[in-house]
Amino acid sequence: MAVPVPSNKVRSQHLKNTNAHGFHLEYSEKKSVDEILSTPTGKYELSKDYPKGKNRLYHADNLGVLASLLEDNSVCGKVKLVYIDPPFSTAASFESRKQKHAYDDHLVGPAFVEALRERLILIHRLLADDGALYLHLDERMIFHFRVILDEIFGSKNFRNCITRKKCNPKNYTRKTYGNVADYILFYTKSDTYIWNRPVEVWDEAKAIKEYQYIDVDGRRYKKVPIHAPGVRNGETGKEWRGKLPPPGKHWQYLPSKLDEMDARGEIYWSSTGNPRRKIYFESSAGIPIQDIWMDMRDAHNQNIHITGYPTEKNPALLTRIIEASSNPGDLVMDCFAGSGTTLATASKLGRQWIGVDLSEEAIKTILHRFMHGTERMGDFVNEPEKAPSSPQLGHSTFVLFNEVKGNHEFMKQNDIKLCPPVSIINKSEQGILFNIGNSHLNTLTSVAKNSTNIIKPYTSKESFTKILLSDAKLA
Ligand SMILES: C[S@@+](CC[C@H](N)C(=O)[O-])C[C@H]1O[C@@H](n2cnc3c(N)ncnc32)[C@H](O)[C@@H]1O
């Protein structure tokens, strides 16, 4: 494996230049950050059935919720971890295992990018300075969001692009490789962030293979080089014990430190007089987790317990993320909550949470999960009403907010299946003023054709098409 020689000068220059605005993704509907930060807040009322608890669940469009949380001092700047698994731009609709409509994933291209970008800009504001974002997508949109998140978080705050094996191998008849991966982008708000290094516990065979040698006192160890790439002009570039570091390299430690290590017996000298460092097995907390996750597949056999909500993720995946990037008591948010995997896992790990989902089926699933737990995947096929497993969360641990009748409800009642990035600018007696990208005019017109509303498009000075949707039923 080739080891690159780091040049701190080039790297810091590069980061300085590319921190916020190295590359841009250009598309016609891209709003200014200021416009997004002035997104109107939503209005929510507390459900009588779930009025008490330290965690919050919103049944609402997350755009208005995120905007309203910006004004909430107990949340804004205090969220330590956001994991989101939004629709992946599949141009499909999703049903639960009990054939209930769950959600539509119809946004594609720039409309999808802008809808998610708006939310990410608000999320960035809500994060604490030591907070982190994990964005889960697949090959359709992950590359666009590497660029978008560099714009929002700064490329220097990019940490990983994790590849996850999502399912078992597929027997494709298509002339392509089987598609078993999806991706998680990990960004932090700053370079001082919460990090509890996740490790895999050693098994004996692996430990013996990796730590092959046994010291005089019986301790197992491995040998690693004591030099690193790059030439240095200081003490680490000079002779130690009559030996220069190999060409193009420097000693990893100052000669005085190397002397101390040698005195403690931590240096192994080869028969040809080359020093190597001994790393003892007992000092290893485990095998550090790398950025390819093979053991986090979503439910893949009939015995695994699930909620039955489509696209629900493996709780083990959330356990790893939540443990690595938050501490007990921290506030965790998932504003595309689905079946509530993040929320249930956060609860189990002693974190506080905020969850949001637009879908009625998602909210029903989350409530069911909290009250009754999950069910064997096999039971959805043969015995759909089988009793669920043990309860996971008490009734009084969270409050439920419903979106106040208006925006979303209004559209639902009128059978207007509007897709974001439409945002409501103003509501008056004349109707509702929407801000939409030009390319959505046709979509809006066609989806609303069965309603009795009058659609009046006009172009504003920001060159967005605005739509006045007059509604006789609007109070
Ligand atoms: C892929 S699913 C999330 C699955 C979840 N990670 C789990 O483990 O169950 C995406 C969810 O985002 C929700 N969603 C889509 N657009 C939304 C919006 N604008 N506001 C709130 N939720 C939204 C959908 O209803 C759906 O439940």
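All figures in this text were calculated on a predicted structure; none of them were measured in a lab.

### Digging into the overall build of the chain
Okay, step 1: Secondary structure assignment for the chain yields 13 helices and 26 strands.
Okay, step 2: The buried share among the 475 residues of the chain stands at 34%.
Okay, step 3: Considering only contacts within the chain whose residues lie at least 6 apart along the sequence, 68% involve residues at least 24 apart.

### What to know about the site of the ligand
Okay, step 1: Looking at the ligand, there are 20 residues lining it, with Tyr103, Gly338, Ser339, Thr341 and Ser359 nearest.
Okay, step 2: Split by residue class, the shell around the ligand holds 9 nonpolar, 6 polar and 5 charged.

### Things to note about the environment of Met296
Okay, step 1: Residue placement: Met296 occurs in the loop between strand E17 (292-293) and strand E18 (305-306).
Okay, step 2: Residue classification places Met296 among the partly exposed positions, given that 19 C-beta atoms sit within 10 Å.
Okay, step 3: Placed 18 residues apart in sequence, Met296 and Asn314 show a C-alpha to C-alpha distance of 6.5 Å.
Okay, step 4: Residues in contact with Met296, not counting those within four places in the same chain, are Arg164, Asn314, Ala316 and Leu317.

### Considerations on the pairing of strand E7 (residues 158-165)
Okay, step 1: Note: E7 against strand E8 (residues 181-188), 7 bridges, orientation antiparallel. Residue pairing across strands places Thr163 opposite Tyr183, the latter belonging to E8.

### As for the environment of Gly237
Okay, step 1: Mapped onto the fold, Gly237 is located in the loop between strand E12 (227-229) and strand E13 (249-251).
Okay, step 2: Judged by local crowding, Gly237 falls into the partly exposed class, with 14 C-beta atoms found within 10 Å.
Okay, step 3: For Gly237 and Lys249, which are 12 residues apart along the polypeptide, the C-alpha to C-alpha distance reads 7.6 Å.
Okay, step 4: Once residues lying within four places of it in the same chain are set aside, the contact partners of Gly237 are Val231, Arg232, Pro245 and His250.

### Notes on the nonpolar core
Okay, step 1: Membership of the largest hydrophobic core comes to 70 residues, with the highest contact counts inside it found for Leu66, Val82 and Leu135.
Okay, step 2: Sorting elements by how many residues they give to this core places helix H4 (residues 109-126) first, with 9 residues.
Okay, step 3: Ignoring anything within four residues of it in the chain, the contact list for Leu66 reads Arg119, Leu122, Ile123, Leu126 and Cys335.

### A word on the sheet that holds strand E14 (residues 267-269)
Note on sheets: strands pair through backbone hydrogen bonds, and any given pair is parallel or antiparallel.
Okay, step 1: If you walk across this open sheet you meet the 4 strands as E10-E11-E15-E14, and the pairing is antiparallel. Across the chains shown, the open sheet's two edge strands, defined by having one partner strand only, are strand E10 (213-214) and E14.
Okay, step 2: In terms of strand pairing, strand E11 (residues 220-224) meets strand E15 (residues 275-280) through 4 bridges, oriented antiparallel. Within the sheet, the bridge partner assigned to Tyr221 lies in E15 and is Tyr280.

### Observations regarding the confidence of the model for the chain
Okay, step 1: When the pLDDT values of the chain are averaged, the result is 84; 77% of them are 70 or greater.
Okay, step 2: Residue range residues 413-425 is modelled with pLDDT below 50. Its contacts to residues more than four positions away, or to other chains, number 38 contacts.
Okay, step 3: Below a pLDDT of 50 lies the segment residues 470-475, which in the model reaches 10 contacts outside its immediate sequence neighbourhood of four places, other chains included.

About the cut-offs
Residues numbered from 1 in each chain as written. Predicted model: local features only at pLDDT ≥ 70, side-chain atom pairs only at ≥ 80, totals over all residues. Helix = DSSP H or I, 4+ residues; strand = E, 2+ residues; numbered from the N terminus. Buried ≥ 20, exposed ≤ 12 C-beta atoms within 10 Å, placed from the backbone. Contact = placed C-beta atoms within 7 Å. Near = placed C-beta within 6 Å. Nonpolar A, V, L, I, M, F, W, Y, C, P; charged D, E, K, R; others polar. Pairing = 2+ DSSP bridges. Core = buried A, V, L, I, M, F, W, Y, C linked by C-beta atoms within 7 Å. pLDDT = per-residue confidence, 0-100.

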